[in-house]
Amino acid sequence: IAMTADLFVRLFAAFGALAAAAVAALAAGRRRALAGTVNLVLVAVSSALLLTVGYEALFGHAGHAARTVSLGPVSVPLLVDGLAAIFLAVVAVMGLASALYSIRYMDRFPGRDLRGYYACFPLFLLGMAAVLVVDDLALGFTLAWQVMTLPAYALVRFDRDRPGTARAARDFLIFMELAWLLAVAAPFAVGGYRFGETLPEIGGRLAGAGGPALALFFGLLLAGFGLKAGVFPLGQLWLPGAYAAAPSPVGALLSSAMSKTGIFGLMRVFLFLAPLANPAFSARTWGLIVAAVGAATLLIGTVQAMLQSDAKRLLAFSSIG
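Keep in mind the model is a prediction, meaning the values are calculated, not measured.

Asks: Got a minute to help me understand the overall build of the protein chain in this structure?
Replies: Tallying secondary structure elements over the protein chain gives 12 helices and 2 strands in all. Going residue by residue from the N terminus, the α and β elements of the protein chain occur as α-α-β-β-α-α-α-α-α-α-α-α-α-α. Here the C-alpha atoms of the protein chain give a radius of gyration of 20 Å, agreeing with the 20 Å that 2.2 N^0.38 yields for 321 residues. Expressed as lengths along the three principal axes of its C-alpha atoms, the size of the protein chain is roughly 65 × 50 × 35 Å. For the protein chain, contacts bridging at least 24 residues in sequence account for 77% of all contacts bridging at least 6.

Asks: Quick question: what am I supposed to make of the nonpolar core here?
Replies: Burial of nonpolar side chains together is a common tendency in soluble globular proteins. Membership of the largest hydrophobic core comes to 102 residues, with the highest contact counts inside it found for Phe124, Phe217, Phe218, Phe225, Trp238, Leu254 and Met258. For this core, the element with the most residues is helix H4 (residues 115–133), which contributes 14 residues.

Asks: Can you help me understand the pattern of salt bridges in this one?
Replies: Counted according to the given criterion, the structure contains 8 salt bridges. Asp81 is paired through a salt bridge with Arg268; the nearest N and O atoms lie 2.7 Å apart. Here Arg268 lies in helix H10 (residues 248–272) and Asp81 lies in the loop between strand S2 (74–80) and helix H3 (82–105), a separation of 187 residues in the sequence. The burial state of Asp81 is the same as that of Arg268; both residues are buried.

Asks: Looking at this structure, how should I read the packing of aromatic side chains?
Replies: What characterises a pair of aromatic rings is the spacing of the ring centres plus the angle enclosed by the ring planes. With the rule as written, the count across this model stands at 19 aromatic pairs. Ring geometry for Phe141 and Trp145: centres 5.2 Å apart, planes at 40°, overall tilted. With Phe141 and Trp145 both in helix H5 (residues 139–156) and 4 residues apart, the pair spans about one turn of that helix. Like Phe141, the residue Trp145 is buried in the burial classification.

Asks: Would you take a moment to explain the layout of surface pockets for this structure?
Replies: If you roll a probe as big as a water molecule over the atoms, it shows you where there is empty space left. Computed from the structure, the largest pocket encloses a volume of approximately 280 Å³. Residue lining of the largest pocket: 15 residues in total, with Phe15, Leu71, Val76, Leu78 and Ala130 positioned closest to the centre. Those elements that place two or more of their residues in the lining of the largest pocket are helix H1 (2–27), strand S1 (65–71), S2, H4 and H5.

Asks: Just to check I follow, could you spell out the pairing of S1 for this structure?
Replies: Consecutive side chains along a regular strand alternate between the two faces of the sheet. Pairing analysis gives 7 bridges linking S1 to S2, with the strands arranged antiparallel. Paired with Arg67 across the two strands is Leu78, which belongs to S2. Between S1 and the antiparallel strand that follows it, S2, lie 2 residues; Gly72 among them carries a positive phi value of about 70°.

Asks: Can you walk me through the side chain of Lys312 in this structure?
Replies: Position of Lys312 among the secondary structure elements: in helix H12 (residues 311–320). Despite its burial, Lys312 pairs with no opposite charge, the nearest such side chain being Asp159 at 6.7 Å. Filtering out sequence-adjacent residues up to four positions away, Lys312 remains in contact with Tyr105, Arg162, Tyr243, Ala244, Ala246, Pro247 and Ser248.

Asks: Looking at this structure, how should I read the packing of H4 against H5?
Replies: Between two packed helices, the angle of one axis relative to the other and the distance separating the axes together describe the packing. One way to put it is that H4 packs onto H5 with a least axis distance of 7 Å and a crossing angle of 145°. When the axes of H4 and H5 are compared, the crossing they make is left-handed. Each of Tyr117, Cys120, Phe121, Leu123, Phe124, Leu126, Gly127, Met128, Ala130 and Val131 in H4 lies in contact with H5, whose residues at this interface are Ala144, Trp145, Val147, Met148, Pro151, Ala152, Ala154 and Leu155.

Asks: Can you help me understand empty space enclosed by the protein in this one?
Replies: By the definition in use, this model includes 2 cavities of 30 Å³ or more. Its volume calculated, the largest cavity comes out at about 140 Å³. Surrounding the largest cavity, 13 residues form its lining, Leu137, Leu199, Phe225, Phe264 and Arg268 being those nearest its centre. Here the lining of the largest cavity takes 5 residues from H10, the largest share from any one element. In terms of residue class, the lining of the largest cavity is built from 9 nonpolar, 2 polar and 2 charged. Its boundaries defined by the atoms lining it, the second largest cavity holds a volume of some 30 Å³. Together, Leu18, Val43, Ser46, Ser47, Leu50, Val91, Ala92 and Leu125 line the second largest cavity. For the lining of the second largest cavity, the secondary-structure elements that each account for two or more residues are helix H2 (32–59) and H3. Ranked by residue count, the leading element in the lining of the second largest cavity is H2, at 4 residues. Residues belonging to the lining of the second largest cavity are distributed by class as follows: 6 nonpolar, 2 polar and no charged.

Calculation notes
- Residues numbered from 1 in each chain as written.
- Predicted model: local features only at pLDDT ≥ 70, side-chain atom pairs only at ≥ 80, totals over all residues.
- Heavy atoms only, no water.
- Helix = DSSP H or I, 4+ residues; strand = E, 2+ residues; numbered from the N terminus.
- Rg over C-alpha atoms; globule rule 2.2 N^0.38 Å.
- Contact = heavy atoms within 4.5 Å.
- Core = buried A, V, L, I, M, F, W, Y, C linked by side-chain atoms within 4.5 Å.
- Buried < 20%, exposed > 50% of the residue type's maximum accessible area, 1.4 Å probe, protein only.
- Salt bridge = Lys/Arg side-chain N within 4 Å of Asp/Glu carboxyl O.
- Phe/Tyr/Trp six-rings, centres within 6.5 Å; stacked < 30°, edge-to-face > 60°.
- 1 Å grid on protein atoms, 1.4 Å probe; cavity = no way out; pocket = protein on both sides within 12 Å on 5 of 7 lines; lining within 4 Å.
- Points joined across faces, edges and corners; volume = space filled by probe spheres on them.
- Pairing = 2+ DSSP bridges.
- Lys, Arg positive; Asp, Glu negative; His and termini not counted.
- Axes fitted to C-alpha atoms, helices over the stretch in contact; angles between N-to-C directions.
- Left-handed = near helix turned anticlockwise from the far one by under 90°.
- Nonpolar A, V, L, I, M, F, W, Y, C, P; charged D, E, K, R; others polar.

Following this line, the structure appears as structure tokens:
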């Protein structure tokens, strides 16, 4: 119990460091170098904490840790296990690398007020990390998703004077909110679901669900998390434009971390919630569907990447692949 409590203390401290980085960016005013340095230091602190949390979840005695956090009258369930730990490490390492690269990269925008950039950057990281540890598809998931999506929209739109940036950011926001809506709507396909139930509780309901309910539940989640991950043909709707428009440090995070939260969602659903004992659920059928979607995405994304002359769009289609 003490080890679990210590793990969540470090997790919340990491979240606090990222929130503090956002506040510090606003307090720095127009002192660009100071804002970048403070952002780097606090992101480094947060990354170190997230790495220790991930290490403890993967190799510690506890194996995983669950906790419910009260936000006023609402409770948000959290879970840190080995799967979340791996993806938290990706967010931590890439967030630190992108924060370091941001300092020099922002020299491309002389005279630009960087408070918005350095306020949204750590919030983007905070949202991604939170998505990985919330254990519901309700309020906790919604809060984490929005903390991830809205700052990311502002970051993609940062170079707003560049032609096409506003449209790319708008498309990004629309499709990310659509992905959220699909994921949140999925549990309502299962009879008796109450908004706010944890993923294990949803899994328990799936064990007795009928074929149509299971098909709708997994279909909506495949579409929602697949849209986030950039699977064919959904990724082509938003991903190339957002990658091309975003500043390079942000594009690196979109490619290496944010799109991978969609992969995380698919793994969490199909590996942890699939009711294998339910005769109405066909693991073989769903395995073939996921494999077919993956194969088509790999082939088409890679071929499209080979046709690109712009480095950012090449990265986008390569990430789809």
